[in-house]
Amino acid sequence: RKEVEQDPGPFNVPEGATVAFNCTYSNSASQSFFWYRQDCRKEPKLLMSVYSSGNEDGRFTAQLNRASQYISLLIRDSKLSDSATYLCVVNISLPVGQAGTALIFGKGTTLSVSS
Amino acid sequence: SAVISQKPSRDICQRGTSLTIQCQVDSQVTMMFWYRQQPGQSLTLIATANQGSEATYESGFVIDKFPISRPNLTFSTLTVSNMSPEDSSIYLCSATDRSFGNTIYFGEGSWLTVV
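## So, the interface of chain A and chain B
Then step 1. Taken together, the 21 residues of chain A in the interface contact 19 residues of chain B.
Then step 2. In total, about 1600 Å² of surface goes out of reach between chain A and chain B, with carbon and sulfur atoms giving 57% of it.
Then step 3. When the buried surface of chain A facing chain B is broken down by residue, A:Arg41, A:Glu43 and A:Phe105 rank first, second and third, together holding 29% of it.
Then step 4. Counting across the chain A and chain B interface gives 0 salt bridges.
Then step 5. The interface formed by chain A and chain B includes 3 residue pairs in polar contact (both at pLDDT 80 or more).

## Side note on the state of the cysteines
Then step 1. Per the counting criterion, the structure on display carries 2 disulfides over all chains.
Then step 2. The disulfide bridge from A:Cys23 ends at A:Cys88, spanning 1.9 Å between sulfur atoms. Given an S-S torsion of about -80°, the disulfide between A:Cys23 and A:Cys88 has left-handed geometry. Within this pair, whereas A:Cys23 is found in strand E3 (residues 19-25), its partner A:Cys88 is found in strand E9 (residues 84-93), the two being separated by 65 residues in sequence.
Then step 3. Since its relative accessible area comes to 1%, A:Cys23 is described here as buried.
Then step 4. Each sulfur in the disulfide pair B:Cys23 and B:Cys93 lies 1.9 Å from the other. Here the S-S torsion is close to -70°, and the disulfide linking B:Cys23 with B:Cys93 is therefore left-handed. Remark: B:Cys93 occurs in strand E9 (residues 89-96) and B:Cys23 occurs in strand E3 (residues 19-25); sequence separation between them is 70 residues.
Then step 5. The structure places no disulfide on B:Cys13, whose sulfur is separated from the nearest cysteine sulfur, that of B:Cys23, by 18 Å.
Then step 6. Among the residues examined, B:Cys13 registers a relative accessible area of 8% and is labelled buried.

Reading the values: the criteria
- Residues numbered from 1 in each chain as written.
- Chains lettered and ligands numbered in written order.
- Predicted model: local features only at pLDDT ≥ 70, side-chain atom pairs only at ≥ 80, totals over all residues.
- Heavy atoms only, no water.
- Contact = heavy atoms within 4.5 Å.
- Buried area = accessible area lost by both parts, 1.4 Å probe.
- Salt bridge = Lys/Arg side-chain N within 4 Å of Asp/Glu carboxyl O.
- Polar contact = N/O pair within 3.5 Å; in protein donor to acceptor, adjacent residues only side chain to side chain.
- Disulfide = S-S within 2.5 Å.
- Helix = DSSP H or I, 4+ residues; strand = E, 2+ residues; numbered from the N terminus.
- Buried < 20%, exposed > 50% of the residue type's maximum accessible area, 1.4 Å probe, protein only.

In structure tokens form, the structure reads like this:
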């Protein structure tokens with residue numbers, strides 16, 4: 001089973017639409033969770049962290065369900081500039097003997113917003 | 001936050017040769033990582049670069065193929081050895097620190113094409 005799985009996409013939506021991305025993770029000891037955005041031929045950049053209580057940043061809302069090991073991202077009032085690949089990311093502890101943590105990335109969901 | 005500089009930003013290399021990618025962070029960081037992103041795929045963790053000791057490699061990656069150095073808390077190198085066309089990929093350096101709240105920042109990537 002893959003560690004982080006996302007909706008395969010692509011999502012093609014008109015401007016103004018609301019779109020939701022889902023993600024599941026397999027490691028129940030995962031510590032923290034993020035959504036990253038990656039534009040074509042660019043490096044990933046942090047979009048937002050995801051907290052158990054849910055969090056909102058403008059048009060973006062992220063939610064975490066630890067019991068179901070499920071993460072979501074909701075984008076309201078989609079803009080053309082939202083077109084990108086959205087990566088679900090989980091921070092896991094490295095195995096015993098290794099210090100620190102590492103990020104595990106989902107394969108990403110591509111969003112295309114059209115006028 | 002951190003600013004991460006990578007070089008070269010892109011290169012075209014002959015098969016059988018080796019290339020060293022440099023990564024410089026503008027502040028001292030606890031953790032540095034190297035990722036690979038093959039065309040159309042998400043990011044795959046190659047290894048964690050440990051300061052003052054050997055890197056910790058993920059399954060499928062070995063030191064002979066991807067030697068890594070980390071002489072201090074701001075700098076790391078990744079070498080892709082004896083390259084083949086299958087090594088054509090984006091190689092991304094990333095870093096995090098407790099002061100970043102577990103957020104990982106990425107360099108702009110090094111685009112490698114092996115011919």
